[in-house]
Amino acid sequence: MAWIMLRIDYSIYGRLASSISMKTFSHDTQESCNCLEKTNLQLQAMTSIIQTSKGLGFTPYYKFENFWYPEHLLPVTLDMQATFKAQPSDIILATMMKSGTTWLKAIIFAVVNRHLYTNTHKNHPLLKSSPHDCFPFIHSIYEKNNQNQLDSMPSPRLLAVHVPFSHLPASITDSGCKVVYLCRNPKDAFVSLRHYLDKMKPVGCEMTPFDKAFEMFCQGVFPFGPFWDQMLEYWTESIKSPEKVLFLKYEDLKEDLAENIKKLAEFLGCSFSAEEVKRGVVEEIVQLCDFETMKNVKANKEGEHGALVRFKNSGFFRKGKIGDWKDHITPDMAERVDKIIEQKLLGYGLMF
Ligand code: A3P
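Residues numbered from 1 in each chain as written. Predicted model: local features only at pLDDT ≥ 70, side-chain atom pairs only at ≥ 80, totals over all residues. Heavy atoms only, no water.

**Q** Before we move on, can you summarise the pattern of salt bridges with the specific residues and values?
**A** In the structure shown here, the tally under the stated rule is 13 salt bridges. For the salt bridge of Arg279 with Glu275, the shortest nitrogen-to-oxygen distance reads 2.7 Å. Placement of both Arg279 and Glu275 in helix H15 (residues 274-279) is noted, with a separation of four residues, approximately one turn of the helix. Of the residues examined, Arg279 reaches a relative accessible area of 51% and is grouped as exposed. The partner of Glu302 in a salt bridge is Lys298, with the nearest N and O atoms 4.0 Å apart. Within this pair, Glu302 and its partner Lys298 are both found in helix H18 (residues 298-302), separated by four residues, close to a single helical turn. (Salt bridge = Lys/Arg side-chain N within 4 Å of Asp/Glu carboxyl O. Helix = DSSP H or I, 4+ residues; strand = E, 2+ residues; numbered from the N terminus. Buried < 20%, exposed > 50% of the residue type's maximum accessible area, 1.4 Å probe, protein only.)

**Q** How would you explain the nonpolar core if you had to name every residue and give the values?
**A** Counting 69 residues, the largest nonpolar core has Leu56, Phe84, Ile138, Ile172, Phe217, Phe222 and Tyr234 as the members making the most contacts within it. Here this core gets seven residues from one element, more than from any other, and that element is helix H10 (residues 186-200). Filtering out sequence-adjacent residues up to four positions away, Phe84 remains in contact with Asp79, Asp90, Ile138, Tyr142, Leu150, Arg157, Leu159, Pro169, Ser171 and Ile172. Leu248, Leu264, Ala265 and Val282 belong to the second largest nonpolar core, which has 39 residues in total. (Core = buried A, V, L, I, M, F, W, Y, C linked by side-chain atoms within 4.5 Å. Contact = heavy atoms within 4.5 Å.)

**Q** Account for the site of the ligand, naming residues and giving values.
**A** Inspection of the region around the ligand gives 18 residues, with Lys98, Thr101, Thr102, Ser192 and Lys319 positioned closest. Separating a nitrogen atom of the ligand from a backbone N or O atom of Cys289 is a distance of 3.0 Å. At 2.7 Å from an oxygen atom of the ligand is found a main-chain nitrogen or oxygen belonging to Gly320. Of all the elements in the fold, those that place two or more residues in the shell around the ligand are helix H5 (101-112) and helix H17 (291-295). The dominant element in the shell around the ligand, judged by the number of residues it contributes, is H5, at three residues. (Near = heavy atom within 4 Å. Polar contact = N/O pair within 3.5 Å; in protein donor to acceptor, adjacent residues only side chain to side chain.)

Take a look at the structure:
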């Protein structure tokens, strides 16, 4: 019954999206505070069936249909679910947070646009701007209430999400557009997220202590998590419809990026010709999207992106390594996560 009430309230929820998002991060005027206080009360009323939890960093999370959302991203996601209209040519990048989204945005952008911009050209968009500007998140567009942007994007539209497969707008799953999914070893993603949230936290906000955050992580609290449940949804879908969903791992990209770029291009319907391979076009993309190259692009070092919340682009480039968790998570903690992953993924053919 309560669940049905929430579904009915969807449209109201959608309309509240931007103002609720503002509530979390904007404290500019008393007027906006009062208004946002009100919307927050409405949110609480409507979400009474949703479990809440302190997050891994500083922001609270809501549990909606088995997945955990950072407070400001739930309303925009619901709005997006209800109103986003996919086009069959869209390319949707779905990722688990801190799995290398920024990197794969750059790679896909370079692959898809290689006939427009030579990858070695000094004016290549990826050498001038952040991958997040070239390849926006749908939720950022909704946060800015700038849905018109979607109509003016060139085809194929490159759009990113963090939501689980079961929470994608129906138009994405029904339209035949391609979905590329990226995830990463959960221990590395957890450590990466902690560093990121610490760097991004507003002045005066306290981070959840590491041990507590780790405990929550094990219980499934992670943006758009439980981690294992989200990756399993995309994994299962990629097995069921390999022409529609491509499942990638950060570790595989690190191991052999050139091979994965070729696989990606084939999946997207823009395979590299033998002549392009011979000319070194794949290698050029590997270089263009190399960690050090990207980290040192001025826009990535000094720029910001985002709607109501502004993100320093530099926060998306830290170490870019496999296995950094070993410097932060004890062997006992690691064993605990490994057991959870093993249990969850048992029998599915997916391993970390
Ligand atoms: P670390 O914090 O472990 O260094 P996202 O873009 O999904 O937020 O993921 C961020 C993670 O991807 C960070 O991991 C970041 O350093 C890493 N990353 C960013 N660009 C990369 C690149 N070009 N190559 C490899 N890793 C990259």
